[in-house]
Amino acid sequence: MTLRASVVGGSGFTGGELLRLLSQHPEFEVVQATSRQYERKTVGRVHPNLRELDLRFSSPEELESVDVLFAATPHGVSMQHVDTFFESADTVVDLSADFRLSTEAQYDEWYDGHVCPEYLEKAEYALPELNRENLPGAELVASGGCNATATILGLKPLFDAGIMSGDEQVVVDVKVGSSEGGAGGGDASSHPERSGIVRPYAPTGHRHEAEIEEFLGLSVSFTVHAVDMVRGASATCHVFPSSKVTKSDLWGAYRDSYSEEPFMRTVAGGGGVYRYPEPKVVAGTNMGEVGFEIDPGNRRLVVLSAIDNMMKGSAGQAIHGANVALGLEETAGLEATGFHPVGAP
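Since we're looking at a predicted model, the values are computed, not measured.

Rules used throughout
- Residues numbered from 1 in each chain as written.
- Predicted model: local features only at pLDDT ≥ 70, side-chain atom pairs only at ≥ 80, totals over all residues.
- Heavy atoms only, no water.
- Helix = DSSP H or I, 4+ residues; strand = E, 2+ residues; numbered from the N terminus.
- Buried < 20%, exposed > 50% of the residue type's maximum accessible area, 1.4 Å probe, protein only.
- Contact = heavy atoms within 4.5 Å.
- Areas by Shrake-Rupley, 256 points an atom, 1.4 Å probe, with all protein chains shown as cover.
- Axes fitted to C-alpha atoms, helices over the stretch in contact; angles between N-to-C directions.
- Parallel < 35°, antiparallel > 145°, perpendicular 65-115°, else oblique.
- Left-handed = near helix turned anticlockwise from the far one by under 90°.
- Pairing = 2+ DSSP bridges.
- Phe/Tyr/Trp six-rings, centres within 6.5 Å; stacked < 30°, edge-to-face > 60°.
- Lys NZ or Arg CZ within 6 Å of the ring centre and 35° of its normal.

A. Seen up close, the overall build of the chain. Each helix and strand in the chain was counted, giving eleven helices and 14 strands. Reported as C-alpha extents along the three principal axes, the dimensions of the chain are approximately 60 × 45 × 40 Å. Counting the 345 residues in the chain, one finds 55% classified as buried. Once local pairs closer than 6 in sequence are excluded, the contacts in the chain between residues at least 24 apart make up 69%. Surface accessibility of the chain: about 15100 Å² in total, with carbon and sulfur atoms responsible for 46%.

This is how it looks when you write it as structure tokens:
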């Protein structure tokens, strides 16, 4: 049975990525995409890669009845309209930060509070590699933040294997592409200002730290840089374990965690040009790459991970989570491989 789907906030970068994926998904039919700014304009006018999609943007005030509603709205919007979303759909998949955390207190600390905290306990984090067992049947699915996703995927095997307990010192440096800032842009996102940069825009206190603490039980020293690429998030995690760790220990940990995962692969110092995780290699795909090296002189592990922030860090993760929640084939609509060679992602 084909499932009817809508995308609220379909004119943004993430909304366009959702429409691209859903239009090729074997189980979904996209029947509505909303946008206040582009109401009645064709989807292809905003997303030129979707010019063949026979769909026009409609008002978010006139939601159609669907099976699944994907909300690609800025933070703070979904929490104000979630009741209306559920009047239109049986399942809501939210790509903002509105339902990623578990408690109202967390939103008071990291965001600007929450207007409907009663929904928080109903939401399930969309990252299947972390939360697969809780996703089937979920009615509210919360897609994770891209920086948190890259970090969690890199560090999770160390917890699974008992190499980390959560008491270790961990320093995380993330580099992200310009699409993370959304289609709204701003002075800092204009091409002359963005081109060629390695700009620290969140040296401390990035909100995605809350997700890492929530799902790994780990407090991290976290810094994010904006860099000159369009797609991608690359996390370098410096871990200082309390006891000696060998390469064999690490290979065993990552194989145990990810050998059966359809969208994960381990890349750790092999041959060729791309010897470690690289955003350019996974651009346009739902793949996540993880890798590692040991610095024995400093008793340090260097854990590396790379994702496409628009895919594994956003729209791809949302659809992967929806597939699991709805009992569909996990990989449906997400099996495309990347390109090589390719320019800046």
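Once you've had a look at it, read on.
B. Main features of the packing of helix α6 (residues 146-160) against helix α8 (residues 209-216). Two elements in contact, α6 and α8, have axes whose closest approach is 10 Å; the angle formed by their N-to-C orientations is 25°. As the angle between them shows, α6 and α8 are arranged roughly parallel. For the pair α6 and α8, the sense of crossing is right-handed. Facing α6, whose interface residues are Ala148, Thr151, Ile152, Leu155, Lys156 and Phe159, α8 presents Glu211, Ile212, Phe215 and Leu216.

C. Region of interest: the sheet that holds strand β13 (residues 288-295). Read across the open sheet, the seven strands follow the order β9-β10-β8-β11-β14-β13-β12; overall the sheet is mixed. What marks the edges here is a single partner per strand, and that holds for β9 (198-202) and β12 (264-266). Taken pair by pair, the neighbouring strands of this sheet meet at an average axis angle of 20°, ignoring direction. Pairing of β13 with strand β14 (residues 300-307) involves eight bridges; the strand directions are antiparallel. Its bridge partner lying in β14, Ile294 is registered against Leu301. The sheet contacts of α6 involve β8 (169-176), β9, β10 (221-227), β11 (233-240), β12, β13 and β14, and relative to β14 the element is tilted by about 135°.

D. Seen up close, the sheet that holds strand β3 (residues 57-58). Spatially, the seven strands line up as an open sheet ordered β3-β2-β1-β4-β5-β7-β6, and their pairing is parallel. Only two strands of the sheet have a single neighbouring strand rather than two, namely β3 and β6 (123-125). Across six bridges, the pairing between strand β1 (residues 3-8) and strand β2 (residues 28-34) is parallel. For Val8, the partnering residue across the bridge sits in β2 and is Thr34. The strands touched by helix α1 (residues 13-23) within the sheet are β1, β2 and β4 (66-71), with β2 carrying the most contacts at an inclination of about 155°.

E. Up close: the pairing of β14. Most of β14 sits inside the fold, with seven of its eight residues counted as buried. Pairing geometry for β11 and β14, over seven bridges, is antiparallel. What sits directly across from Thr236, in β14, is Leu304. The hairpin formed by β13 and β14 contains four residues between the paired strands, and Arg299 there has a positive phi angle of roughly 50°.

F. Looking closely at the packing of aromatic side chains. Under the criterion given, the structure shown has eight aromatic pairs. Ring geometry for Phe28 against Phe70: centres 6.0 Å apart, planes inclined by 80°, an arrangement best described as edge-to-face. Of this pair, Phe28 sits in strand β2 while Phe70 is found in strand β4, placing the two residues 42 residues apart along the sequence. Ring geometry for Tyr125 versus Phe215: centroids 4.0 Å apart, planes at 25°, classification stacked. Placement of Tyr125 in strand β6 and of Phe215 in helix α8 is noted, with a sequence separation of 90 residues between them. A residue is classified by how much of its surface remains accessible, and Phe215, at 24% relative accessible area, is partly exposed. Among the aromatic residues, those joined into a cluster by ring pairs are Phe86, Phe99 and Tyr119. Note that Lys122 overlies the ring of Tyr119, its terminal NZ or CZ placed 4.8 Å from the centroid.

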